[in-house]
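Spelled out from the first residue to the last, the chains are:
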Amino acid sequence: MESLGWYGSGFRLFGNPRGKWEIATVAGQEHQVHEVEFVILCIGRFSGVPNVPEFPPNKGPDAFPNGKVIHSMDYSAMDDSDAAKFVKGKRVVVVGLQKSALDIANECAIANGVENPCTLIYRNAHWNVPDYLPYGVHLGYLYLNRFSELLLHKPGEGLFLGLLATLLSPLRWAASKFVESYIKSKFPLKKYNMVPEHSFLQEISSCSLSTAPEKFYDRAPLETDVVILATGYKGDEKLKNIFKSPTFQNYIMGCSNSTVALYRECIHPRIPQLAVIGYSESVANLCTSEMRCRWLAHFLDDGFKLPSIKKMEKNVLEWEKFFKRYSGQYYRHSCIGVLHIWYNDQLCKDMGCNPKRKKGFYAVRALWTHGLCKSYSW
Ligand SMILES: Cc1cc2nc3c(=O)[nH]c(=O)nc-3n(C[C@H](O)[C@H](O)[C@H](O)COP(=O)(O)OP(=O)(O)OC[C@H]3O[C@@H](n4cnc5c(N)ncnc54)[C@H](O)[C@@H]3O)c2cc1C
């Protein structure tokens, strides 16, 4: 797909729209235009537009004539054997400390062993976990169940739940410190001055959580043949560039202190007849995207009506407040991670389904304490 243009009045945004989308596609030399009533964008967030650091003149890849500099996007485009050949026997530096960086560093370690250790250069330290079992307690018990969501302030929570979250805040703090202490006991973060300034709660709230194997933090001198920039993607820019209309482009980008404003993380209140699946993240994207698809299918089947634009925008702002509160500097990740049950409950309510899988207080309590992050615990 090349671009997306809306033709018509935006007066009625959803339901009996006065307009249509024109989708321009190109395949080889062939350009086509398709007219449709509703568009669902599933173009992904972690691909397409790489986030490449800006370098001063002559201080970037051009100052490195004997080596290679690529982005993780080019690395992941290679098949497994080409990627292994690319790094084999070379001194590799990976820039970044998130999912792509850790995945690539692991692959380099497998291809090269200890002779040519892979070096990571990072800007922000992160709470990468060695496993999901801090001191034998599954992370799901601490962060991904109904009880753990009671410890957090939620969009539209009301007085009682708000008060409860405030009263339980020491537990929230204790859970975060518990995991941080486990990570520090497993990795030499202190020794290498890599203890993050932010809390573990912030890490998981922004979906920045990654796993790293044991001995991952061992250091090596920095001489290199290959640099792989695992510096992420510009998912919002990719989404923006799809639209022909500068107005819609501005709606997507918003301003620097807001996330992409999607109602139920799916529909922009001011962009008619269009939904986005897969932009907002969670700890298990498969489960979240499936729920969102069901919600959308229900809506398209006239299963429920959307609220007014004003109400949708108010709701989006409430969620943004939550992102900012718990994800801190990473709030633009639009991650529903630690409130995914609360979020799914809202989708269920819109669809007219009971969000509680079990009946009765004791059954629900059992889910609170034992029910981990499984798609079937909605
Ligand atoms: C290193 C890494 C590790 C990850 N680990 C996990 C994990 O452990 N668990 C987890 O849940 N998630 C993980 N994720 C996130 C997960 O990969 C994504 O959430 C998931 O791939 C999203 O699926 P999607 O279909 O929305 O997008 P994608 O899988 O990105 O698919 C988008 C598709 O749209 C196509 N496309 C894009 N633009 C256009 C266009 N203009 N026209 C036509 N087609 C287009 C692309 O070619 C692609 O095929 C990870 C991501 C990364 C980068």
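Given the structure is predicted, the values throughout are model-derived calculations rather than measurements.

**Quick look at the overall build of the protein chain**
When you go through the protein chain residue by residue, the secondary structure sums to 14 helices and nine strands. Scaling as 2.2 N^0.38, a compact globule of 378 residues should have a C-alpha radius of gyration of about 21 Å, and the protein chain matches this with 23 Å. Split into buried and exposed, the 378 residues of the protein chain put 31% on the buried side. Once local pairs closer than 6 in sequence are excluded, the contacts in the protein chain between residues at least 24 apart make up 68%.

**Describing the sheet that holds strand 7 (residues 119-121)**
Taking strand neighbours across the sheet as the criterion, the four strands line up as 5-8-6-7 in an open arrangement whose pairing is parallel. Strands at the two margins of the open sheet, each flanked by one partner only, are strand 5 (68-71) and strand 7. Put simply, the sheet's adjacent strands are angled 20 degrees from each other on average, direction ignored. Contacts between helix 3 (residues 99-112) and the sheet are confined to strand 6 (92-95), strand 7 and strand 8 (226-229), with strand 6 contributing the most and set at about 170 degrees to the helix.

**Some points on the environment of Thr-247**
Structurally, Thr-247 is set in helix 10 (residues 246-253). It is 51 Å that separates the C-alpha atoms of Thr-247 and Tyr-135, two residues lying 112 residues apart in sequence.

**Some remarks on the nonpolar core**
The biggest cluster of nonpolar side chains holds 54 residues, and the ones touching the most others in it are Leu-262, Cys-266 and Leu-339. Looking at this core, the elements that each hand over two or more residues are helix 4 (139-143), helix 7 (169-186), helix 8 (200-205), helix 10, strand 9 (274-276), helix 11 (285-300), helix 12 (309-327) and helix 13 (340-351). The element best represented in this core is helix 12, accounting for six residues. Among all residues touching Leu-339, those that are not within four sequence positions of it are Glu-149, Leu-152, Lys-154 and Phe-322. Core analysis: the second largest hydrophobic core is formed by 17 residues, Val-87, Ile-104, Leu-229 and Ala-230 among them.

**Remarks on the site of the ligand**
As a matter of local geometry, the ligand sits amid 14 residues, with Met-1, Ile-43, Gly-44, Gly-278 and Asn-285 nearest to it. For the shell around the ligand, the leading source of residues is helix 3, giving three residues. Partitioning the shell around the ligand into residue classes produces six nonpolar, six polar and two charged.

**Observations regarding the environment of Leu-339**
Note on placement: Leu-339 falls in the loop between helix 12 and helix 13. Taking the number of C-beta atoms within 10 Å as the measure of exposure, Leu-339 has 23 and is therefore buried.

**A look at the packing of helix 9 (residues 235-242) against helix 10**
Between two packed helices, the angle of one axis relative to the other and the distance separating the axes together describe the packing. The contact between helix 9 and helix 10 brings their axes to 8 Å, and the two run at 160 degrees. Our classification of the angle between helix 9 and helix 10 gives roughly antiparallel. Seen from above, helix 9 lies across helix 10 with right-handed handedness. Facing Asp-236, Leu-239 and Lys-240 of helix 9, the residues of helix 10 in contact are Gln-249, Ile-252 and Met-253. The class makeup of the residues in the contact of helix 9 with helix 10 is three nonpolar, one polar and two charged.

**Notes on helix 12**
One turn of an α-helix holds 3.6 residues; hence residues three or four places apart share an orientation. An ideal rise of 1.5 Å per residue puts 27 Å on 19 residues; helix 12 measures up with 26 Å between its terminal C-alpha atoms. Buried positions along helix 12 lie against helix 8. Once helix 12 finishes, Gly-328 follows within two positions and takes phi at roughly 55 degrees, a positive value.

Thresholds applied
Residues numbered from 1 in each chain as written. Predicted model: local features only at pLDDT ≥ 70, side-chain atom pairs only at ≥ 80, totals over all residues. Helix = DSSP H or I, 4+ residues; strand = E, 2+ residues; numbered from the N terminus. Rg over C-alpha atoms; globule rule 2.2 N^0.38 Å. Buried ≥ 20, exposed ≤ 12 C-beta atoms within 10 Å, placed from the backbone. Contact = placed C-beta atoms within 7 Å. Pairing = 2+ DSSP bridges. Axes fitted to C-alpha atoms, helices over the stretch in contact; angles between N-to-C directions. Core = buried A, V, L, I, M, F, W, Y, C linked by C-beta atoms within 7 Å. Near = placed C-beta within 6 Å. Nonpolar A, V, L, I, M, F, W, Y, C, P; charged D, E, K, R; others polar. Parallel < 35°, antiparallel > 145°, perpendicular 65-115°, else oblique. Left-handed = near helix turned anticlockwise from the far one by under 90°. Expected span 1.5 Å × (residues − 1).

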